[in-house]
Amino acid sequence: MPDLRAYAADRSSDRAIELIGERTGRDAAAAEADLAAAAPLGRLLEPAEVAAAVAFFASEDAGCINGQSLVLDGGGLQR
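Residues numbered from 1 in each chain as written. Predicted model: local features only at pLDDT ≥ 70, side-chain atom pairs only at ≥ 80, totals over all residues. Heavy atoms only, no water.

As for the packing of aromatic side chains
To keep it simple, the criterion reads: Any two of the Phe, Tyr and Trp rings considered here, Trp counted by its six-membered ring, make a pair once their centres fall within 6.5 Å; the pair's planes then place it as stacked at under 30 degrees, edge-to-face at over 60, or tilted in between. Exposure is judged per residue with a 1.4 Å probe applied to protein chains only, and the accessible area is read against the type maximum: over 50% gives exposed, under 20% gives buried, and values in between give partly exposed.
All told, the structure shown has one aromatic pair when counted by the stated rule. Ring centres of phenylalanine 56 and phenylalanine 57 lie 5.4 Å apart, and the angle between their planes is 75 degrees; on these two criteria the pair is classed as edge-to-face. What makes phenylalanine 56 partly exposed here is its relative accessible area of 36%. Residue phenylalanine 57 is classed as partly exposed on the basis of its relative accessible area, which comes to 38%.

So, the side chain of serine 13
Short version of the rule: Put simply, DSSP marks the helices as runs of H or I at least four residues long and the strands as runs of E at least two long, and each gets a number from the N terminus on. For this analysis, residues touch if any pair of their heavy atoms sits within 4.5 Å.
With respect to the helices and strands, the residue serine 13 is situated in helix H1 (residues 11-24). Relative accessible area serves as the criterion here: at 2%, serine 13 is assigned to the buried category. If we ignore the near neighbours within four places in the chain, the residues touching serine 13 are Tyr7, Ala8, Leu35 and Leu44.

Quick notes on the environment of alanine 53
Mapped onto the fold, alanine 53 is located in helix H3 (residues 47-58). The exposure class of alanine 53 is buried, given its relative accessible area of 14%. In this structure alanine 53 touches Leu70 and Leu72, once residues within four positions along its chain are discounted.

Structure follows, in structure tokens:
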């Protein structure tokens, strides 16, 4: 399996789940479980988690932050 960082449980993970199913013959539920198990958190990111990070960076509270990249990988960089 490729080095997977993290996927959000939304349309962005649908293709990965489909490919896992095609390559392994697993059904969608088993393919999703494989994808989640490969992620550092052991689960897919929730869309609300990604949205919260985006909302923070768009808020006045983040007004002094610029030129940064936010890595939402569920701990993948720590591996």
